8 protein chains.
Amino acid sequence: MTTTEAIKLLEKFRAGGVGRDDVLRAFQAAPVVDLGFAQVDTHRALRKGFPEVIFGAGKTPSQVVKIAAQLFAGEKRVLVTRVTPEHARSLRRHFKRAVYHELARCVTIENKPLPKRSGTIVVVCAGTSDLPVAEEAAITAEIMGNRVERVTDVGVAGVHRLFGRLETIQRATVIIVVAGMEGALPSVVGGLVSKPVIAVPTSVGYGANFGGLAPLLGMLNSCASGLTVVNIDNGFGAGYAASQINALAEGGG
Amino acid sequence: MTTTEAIKLLEKFRAGGVGRDDVLRAFQAAPVVDLGFAQVDTHRALRKGFPEVIFGAGKTPSQVVKIAAQLFAGEKRVLVTRVTPEHARSLRRHFKRAVYHELARCVTIENKPLPKRSGTIVVVCAGTSDLPVAEEAAITAEIMGNRVERVTDVGVAGVHRLFGRLETIQRATVIIVVAGMEGALPSVVGGLVSKPVIAVPTSVGYGANFGGLAPLLGMLNSCASGLTVVNIDNGFGAGYAASQINALAEGGG
Amino acid sequence: MTTTEAIKLLEKFRAGGVGRDDVLRAFQAAPVVDLGFAQVDTHRALRKGFPEVIFGAGKTPSQVVKIAAQLFAGEKRVLVTRVTPEHARSLRRHFKRAVYHELARCVTIENKPLPKRSGTIVVVCAGTSDLPVAEEAAITAEIMGNRVERVTDVGVAGVHRLFGRLETIQRATVIIVVAGMEGALPSVVGGLVSKPVIAVPTSVGYGANFGGLAPLLGMLNSCASGLTVVNIDNGFGAGYAASQINALAEGGG
Amino acid sequence: MTTTEAIKLLEKFRAGGVGRDDVLRAFQAAPVVDLGFAQVDTHRALRKGFPEVIFGAGKTPSQVVKIAAQLFAGEKRVLVTRVTPEHARSLRRHFKRAVYHELARCVTIENKPLPKRSGTIVVVCAGTSDLPVAEEAAITAEIMGNRVERVTDVGVAGVHRLFGRLETIQRATVIIVVAGMEGALPSVVGGLVSKPVIAVPTSVGYGANFGGLAPLLGMLNSCASGLTVVNIDNGFGAGYAASQINALAEGGG
Amino acid sequence: MTTTEAIKLLEKFRAGGVGRDDVLRAFQAAPVVDLGFAQVDTHRALRKGFPEVIFGAGKTPSQVVKIAAQLFAGEKRVLVTRVTPEHARSLRRHFKRAVYHELARCVTIENKPLPKRSGTIVVVCAGTSDLPVAEEAAITAEIMGNRVERVTDVGVAGVHRLFGRLETIQRATVIIVVAGMEGALPSVVGGLVSKPVIAVPTSVGYGANFGGLAPLLGMLNSCASGLTVVNIDNGFGAGYAASQINALAEGGG
Amino acid sequence: MTTTEAIKLLEKFRAGGVGRDDVLRAFQAAPVVDLGFAQVDTHRALRKGFPEVIFGAGKTPSQVVKIAAQLFAGEKRVLVTRVTPEHARSLRRHFKRAVYHELARCVTIENKPLPKRSGTIVVVCAGTSDLPVAEEAAITAEIMGNRVERVTDVGVAGVHRLFGRLETIQRATVIIVVAGMEGALPSVVGGLVSKPVIAVPTSVGYGANFGGLAPLLGMLNSCASGLTVVNIDNGFGAGYAASQINALAEGGG
Amino acid sequence: MTTTEAIKLLEKFRAGGVGRDDVLRAFQAAPVVDLGFAQVDTHRALRKGFPEVIFGAGKTPSQVVKIAAQLFAGEKRVLVTRVTPEHARSLRRHFKRAVYHELARCVTIENKPLPKRSGTIVVVCAGTSDLPVAEEAAITAEIMGNRVERVTDVGVAGVHRLFGRLETIQRATVIIVVAGMEGALPSVVGGLVSKPVIAVPTSVGYGANFGGLAPLLGMLNSCASGLTVVNIDNGFGAGYAASQINALAEGGG
Amino acid sequence: MTTTEAIKLLEKFRAGGVGRDDVLRAFQAAPVVDLGFAQVDTHRALRKGFPEVIFGAGKTPSQVVKIAAQLFAGEKRVLVTRVTPEHARSLRRHFKRAVYHELARCVTIENKPLPKRSGTIVVVCAGTSDLPVAEEAAITAEIMGNRVERVTDVGVAGVHRLFGRLETIQRATVIIVVAGMEGALPSVVGGLVSKPVIAVPTSVGYGANFGGLAPLLGMLNSCASGLTVVNIDNGFGAGYAASQINALAEGGG
């Protein structure tokens, strides 16, 4: 209920066109309607330039296609994460412009990419087994309108590989660091740069890794100031957060 | 040595106002002289505008005073976190300008505050018991040169309290959300704003809270896109990360 | 034998329509029928208000059919939970009136539904992946004689969706809230209503979700007063408890 | 603004005694009033007959006294849980009618008890060490207007003690079962009654009890249908939920 | 090395018949060699009347057959646990007298059963899903020469089913109680009998059961005095321990 | 309720001497009342020759004295475990014959010790820090009428110390093995004897010991057949179980 | 950047040959460039005589072949661990000299084995199910140029089997002990020898083994001085560490 | 009796300077001295190369003094770890040569230090709060006859500090790396050197550190080949293992 509508209601009540209890109920319900959450949502969409993202895991291919169709109709830009090859096949059959990013387990659909922001998001990846998570982060950031650079296979067991790419990393606006096993890489990177670092633990490892618990705890306990962490294997979340931060750097935050 | 000071020094050197060895010494100087590491540190300080922070827990008052004295000599700006009243007394005895932030368990020492950045960091706090962690985040962000607004006691069990402060929250450049118990507040806030949200779980709670594990897991699993998380009770880390992000928004990132 | 049937039997006995020994036999009928692999608790309807429910998981289709037959003979009302499609096929082959609720993974068999109680149980579901658990709760409550309303896909990341359904939720006698990931929805709902809220964590999520541990801990630590919790994915338990509570509201509790 | 006040305002408006904008402002007023949440809150208060409860732990005696004074001014009824003897002393110094329930670690303040509901809440307690938690549940339920009966020291290791009190338990409208160690009592009670059973695990035990984790897991995994569970040591939550349910039985639910 | 041998060695050394290093090595090994462990083993075999048991899991059918053949040659009595149908087929092809206990996942091979001891081991089983573990316990106890009685499907949610079998249970020399879910049954049984009770948690359950952790913790924390516990699903261990205890009762312990 | 009583009740109902609801309630309670649990308890007491044991932890000295007085009046034999020096002082002030076993943290009170059984319980203890738990086991077994021999400080890191005491251990009827740290001793002992071995993990250790979790898991996973385990630090439970087993060996089981 | 280079840079800057920003950047990046990590790497390779090892798990056969080809070109010696039969087939098709160690799940490729060091690494294995991990350790140590002796199936439940092989174990330079279940064997071995012992927990077991957590905790808490531990199932890591230690004994450490 | 002493004794015997019975008695001397509360392992030096070490925690000062006296009598070299100031005072009162290493929480007693081995053990320490554990490692290694160098405060958040000390680290025979928080330092060090690296996690940290679990898991999952790990805070164990390895390098292993 907008202010205009509220005024109308009160006038109608004074004029006898509506009962006291109806007015009362309208205002009592207000908290919700008053807030105009749809509008808020629209604002968000406007500002972020990106619609809801489809999480493919646990949905049937036809469910995914239906949701994607509905979103694409309104937004002309769709990201589906955690897709199986079956999801991908169904989406590509339905959407000519669907692109299947196999390693990232994502499908993107868009008529025209968003213009790129000036800042760069660097996705640093510790080992080759962490690549699917790193790619999910990269694809997410890219479709949201960011330039992304990838720095791959620079785990701390051979820390010189990291230093060889340091210049690239130090030029970034935001850095995403993806690592499994002991998850030490974000601490080392975080100690070398002053830009926001988002750490992504992966479930890569075995034994006392406990499905990514080891790197998750490592990253949360990092002695590098200012590190923030997302859920295990949550490349999407890291890419999304990095895009939100990069948008700030743009001045359009 | 700030960037501005470094530039001045180089210009002075070019102009002949200072000798080569003095420049060399300035860049090589201090914290780790023997190793030549001062440059790195200076580099970091330049970009971040803030020196090393002293973690008070587990250090004696006299150790803290000594480290603070050394840092203050070079940087004129010191933050000590996790201080006891004893730490605070010792620091105030030694430094006239030391301010003891009792609730935040921090001491700050500075001759002149840094100029404030234009963006605002909002620190949202779920319950009154979470305030020490929220204040640690706020004090950290403030001494690093950020404007901070506090929104307190807006836990999800009375979600209307949050909506009453929504405008403040939506005006922020970066939002820190501090919550114990089930840690649901960051998810709700994250769903209402498009700016970066940093979630801080606290150890407030009992029983199956397991010292903050419950809100930590809740925040890591949040369905709100783009949320990032720091360690349990790590207000400092959240304030530091928020400052790094806010610096980007400034254009000086 | 339900309480109603027991009352009828006693009245019939007083009226002379049935002999003393028949009454005696009915009440003394071993409270347990031994099927070799299972002791069917045929007294449970008298003791608990609803006959024993068959947990399908880990039983062969033929075992399930045998137990169902035994229960149906006495009670004319059977609920089988956690069924596979194989269980469902076997049950429908044997019982003409068997209904397979595929999403809920349940089969119900009854000649005539119980009369509905006046109060309403509302089942609120956070995300589409939580639907199987929510439906198990709904089907359980329905076969036990309750009106059920479903409110779906109202997770806290878009809290306005919840407010749009608030009127429905506030009209309920009992509310079941089903949520995976961080499990924050019950806290928000619990803060908005004064009726009993039963929270059901689901195993939906990944990474640090740990098979539903994250939402379970979240719900147990909820800051919303009066929330109670059942096991992860235990839609049946929530529906059963809600029915027990709704029966109290009926005055026939 | 209560419903009565809202009605008065609307009538005054219709009668011309107050302008449209004033009405609008009253309903929209302030962050909170704007949203109508105060009203919602009033509705809740009216229906539940009970104001916010003060959690004493982690608050100073003077903070507790201040919050209690504010609540008592409006509500004439205050419950403070998890109090230390210091909290209790301060409260009794300030409020003549404050009663310190030492075992329950609660203070209650009220001019006149609420009229009792007809149904009875039975609080069953496994061992003498679980009594503080059981009493917290009982005191909570009592100040909220419920009759409470206590059944104490009936742990499953001597299950006959439980059966000796079965009649009392079966007469209850709602049953709270408090148990530490292995937490098996709620399962046994839940199998014997048809009324809602709320299980409260306690941190009583040692070794592999892990601070109440053992009984918590036991209760969540109970094979007794319809059991719901609250957090470890959360007597207050159980008493609160039981009161909500008992209110339904009253017909005023 | 006996004292006599030690003296001989020293004299030989003095006489130059053995080197210094050899003497040194002999004395360094001494504490161990003195003990003659092979004999100990022989004693054990004589007293226990039962050879090594083969754990089938993780062994190939042909490995199992080879070990069984070697054991059978010497002992004429073999127990293989955790067998797959493939193991069973291979064993039955090779040993005419091999019996496949499908539910117990065991194969037994013996020419003539051991004479039965006079005491009885009762295996109590909470639910039908716990039967494989209960049967493993029963088959183990039987092949070791014990009479076994089974009491099935008497979980605590319908505690009257247990009481119907109480006489059988109280006649036992040793009682094994097998339960999954919350694992409360051993506590109830342990409170009703004075004989040794061995509790076996099973991995039956879901959600917060965590693969049997819930009943394991429940049993370890049991308030019934004198309960002992074996590993999750370890029916074999319980049957073995019960047989050792029953042997004592025989007087041949 | 016997059949005769049931018949009487039904006739009385038909005759109008009792209401329908009373009949209903009588039959609903039946399965339980039939069992006469007080008697069962008496049987237990008679057979076990030992009354309830008082767990001192969490009870006030005066509570302990009162319970002890009540038990001593009936039984002339009392065991109080987990006592503080204050408990001990109070008990000795009240009971002339109270003996305070300081290391075992127990008080025993008896006029005349029970006659000793012929078999021997050997309590094997890995390290000196485990002694309090071992002594609790020993004192429990002794007051219940068993001969106890102690074998101390024979941890596996110097396995020869164990072998030096092997003869004593092999003469036992039942063996209790108490160990903290990695808890390997019960496995080694269990491999050397054929008698029942009860393993007691202790909370002795640090770091990844996690309060006794390490030895608990070690003992539950022991490769020594027939080992059973009690809760961490539960010397009492082990002594009690050992006494139950030793009683069987006596022929009086 | 050496001091000489820094001086040159400053002079060049003063002379106008390089801009202010370039100087600034050079000092900011310096500490890294100074270290020359590629050289460090070359040193490492020279000293260790062994190239990078390929972890096969999670890589496709063709990826493994490509990496192996690249390594083999430079090093003439390749170790691939955690291979599937598919990996092995691909590697043998491509490399004539590839040897598939099926039990160890390894492939080795070398033209000529390294000369053997004089010391011996003994790999002690508790049970037959632990053999794959033990073999991975042995194969790793062998290809790195060490003599390896295997001592198999000497678990603590029959500790005499260990003593029968003690002489072999005591002759070793380094001992690797591989054990699952309770993981007690390294403690016993560690108490009997003075040489370095590396403990490898395996995931062999079930129930409360929790995928190797039980033996891991047991080994970390070992009371045998000087034991070190590697990750669950990490035979490769143990073999590698043992080789590093054995190289020291060689004098070429 | 050390090996050297044993050799001397045998030579003296061959030379006639000591009788056969004296030699016999020396070797047969019970390997264990019984102090009532402890079996002192007087044979350990022969078996393990260094006498038994006293773990002070949980022992009274007088118990520690008694054990130390017994060991010193035979060995002239005693190490007591985890001492309180009270332990230290008692030991220094009794032994003139006792040295209290306050930071390391150790007391050492020796008439004459062992001759130093040629190799060097480097103890690398991540942060100042980890120093007590690092010192325990260093003191242990020193009393066992090793040269020790300390490298302090080189955590990965400022990885340049580590590189400044790299030369020292690379010169070591064995490296001990002590780190709390995320425990990443051993991975980085392990990637830079070819010598054995022993990682020691400490309990330094807060929140999701869980008493050292985070660095423990990090170290176990390290991607640096050949890293081995000891228990949380187990500086002693690391120093002991390092000494065993350094002894090998000496050729006297």
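Check the entry above for the structure.
Residues numbered from 1 in each chain as written. Chains lettered and ligands numbered in written order. Predicted model: local features only at pLDDT ≥ 70, side-chain atom pairs only at ≥ 80, totals over all residues. Heavy atoms only, no water.

With that out of the way, let us pick up the overall build of chain A. A count of helical and extended segments in chain A gives 11 helices and nine strands. Here chain A holds 253 residues, and the buried ones make up 61% of them. Partitioning the intrachain contacts of chain A with sequence separation of at least 6 by distance along the chain shows that 65% fall at a separation of at least 24. Surface accessibility of chain A: about 9,200 Å² in total, with carbon and sulfur atoms responsible for 52%. (Helix = DSSP H or I, 4+ residues; strand = E, 2+ residues; numbered from the N terminus. Buried < 20%, exposed > 50% of the residue type's maximum accessible area, 1.4 Å probe, protein only. Contact = heavy atoms within 4.5 Å. Areas by Shrake-Rupley, 256 points an atom, 1.4 Å probe, with all protein chains shown as cover.)

All names here are of chain H. Read across the sheet, four strands follow the order 3-4-6-5 without closing on themselves; strand pairing throughout is mixed. Edge positions in the sheet fall to strand 3 (54–55) and strand 5 (99–101), since each of these pairs with one other strand and no more. Bridge analysis of strand 4 (residues 77–81) against strand 6 (residues 106–110) gives four bridges, and the strand direction is antiparallel. Paired with valine 80 across the bridge in strand 6 is valine 107. On top of the sheet, helix 4 (residues 61–75) reaches strand 3, strand 4 and strand 6; it is set at about 150 degrees to strand 4, its chief contact. (Pairing = 2+ DSSP bridges. Axes fitted to C-alpha atoms, helices over the stretch in contact; angles between N-to-C directions.)

Oppositely charged side chains can form a pair if their charged atoms are brought close together. All names here are of chain A. With the rule as written, the count across this model stands at 43 salt bridges over all chains. In this structure, glutamate 135 and arginine 150 form a salt bridge, with 2.5 Å as the shortest nitrogen-oxygen distance. With glutamate 135 in helix 6 (residues 131–143) and arginine 150 in strand 6 (residues 147–152), the pair connects residues that are 15 residues apart, well separated along the chain. Since its relative accessible area comes to 31%, arginine 150 is described here as partly exposed. Shared partners join several salt bridges into a network, and the residues in it are Glu135, Glu142 and Arg150. (Salt bridge = Lys/Arg side-chain N within 4 Å of Asp/Glu carboxyl O.)

Now for the interface of chain G and chain E. The partner chain E presents 15 residues to the 10 residues of chain G that form the contact. In this assembly, chain G packs against chain E so that about 1,100 Å² is buried in total across both faces, 65% of it on carbon and sulfur atoms. Taken together, the connections running from chain G to chain E amount to zero salt bridges. At the boundary of chain G and chain E, one finds three residue pairs in polar contact (both at pLDDT 80 or more). Residues belonging to the side of chain G that touches chain E are distributed by class as follows: seven nonpolar, three polar and no charged. (Buried area = accessible area lost by both parts, 1.4 Å probe. Polar contact = N/O pair within 3.5 Å; in protein donor to acceptor, adjacent residues only side chain to side chain. Nonpolar A, V, L, I, M, F, W, Y, C, P; charged D, E, K, R; others polar.)

So, on to empty space enclosed by the protein. Looking at the largest cavity, its volume works out to about 890 Å³. Considering the residues around the largest cavity, the lining is formed by 48 residues, among which Val53(C), Phe55(C), Ser222(D), Cys223(D) and Met181(E) are closest to the centre. Those elements giving two or more residues to the lining of the largest cavity turn out to be strand 2 (39–41), strand 3 (54–55) and helix 11 (235–249) of chain C together with helix 10 (213–220) and strand 9 (227–229) of chain D. Of the residues that constitute the lining of the largest cavity, the class distribution is 23 nonpolar, 16 polar and nine charged. (1 Å grid on protein atoms, 1.4 Å probe; cavity = no way out; pocket = protein on both sides within 12 Å on 5 of 7 lines; lining within 4 Å. Points joined across faces, edges and corners; volume = space filled by probe spheres on them.)

Quick look at the relation of the copies chain G and chain E now. A rotation about some axis, followed by a shift along it, carries one copy of the chain onto the other. Between the two copies, chain G and chain E, the superposition gives an RMSD of 0.3 Å; the rotation angle is 89 degrees and the shift along the axis is 0.2 Å. The symmetry that links the two subunits is that of a four-fold axis. For chain G, the residue whose C-alpha comes nearest the rotation axis is Phe210(G), separated from it by 7.2 Å. The overlap is low: 10% of the interface residues of chain G also sit at the interface in chain E, so different surfaces are used on the two sides. (Least-squares fit on C-alpha atoms with pLDDT ≥ 70 in both.)

Take helix 5 (residues 85–94) of chain A next. Since the α-helix advances by 3.6 residues per turn, residues separated by three or four positions end up pointing in the same direction. Regarding helix 5 of chain A, the residues found buried are His87(A), Ala88(A), Ser90(A) and Leu91(A). Projected down its long axis, helix 5 of chain A carries its buried residues within an arc of 165 degrees, all on one side. (Arc of directions from axis to C-beta.)

All names here are of chain A. Read from one edge to the other, the open sheet built from four strands follows the order 1-2-4-3, with strand pairing classed as mixed. If you trace the sheet from one side to the other, it starts and ends with strand 1 (54–55) and strand 3 (99–101), each paired once. In this sheet, strand 4 (residues 106–110) lies alongside strand 3 in antiparallel orientation, the contact comprising three bridges. Paired with valine 99 across the two strands is threonine 108, which belongs to strand 4.

This part covers the environment of Ala224(H). The topology assignment puts Ala224(H) in the loop between helix 10 (213–220) and strand 11 (227–229). Note on Ala224(H): relative accessible area 6%, which makes it buried. Sequence-wise, Ala224(H) and Pro186(H) are 38 residues apart; in three dimensions their C-alpha atoms are separated by 8.1 Å. If sequence neighbours within four positions are ignored, Ala224(H) has contacts with Ala157(A), Ser187(H), Gly190(H) and Gly191(H).

By themselves these figures say nothing about function.
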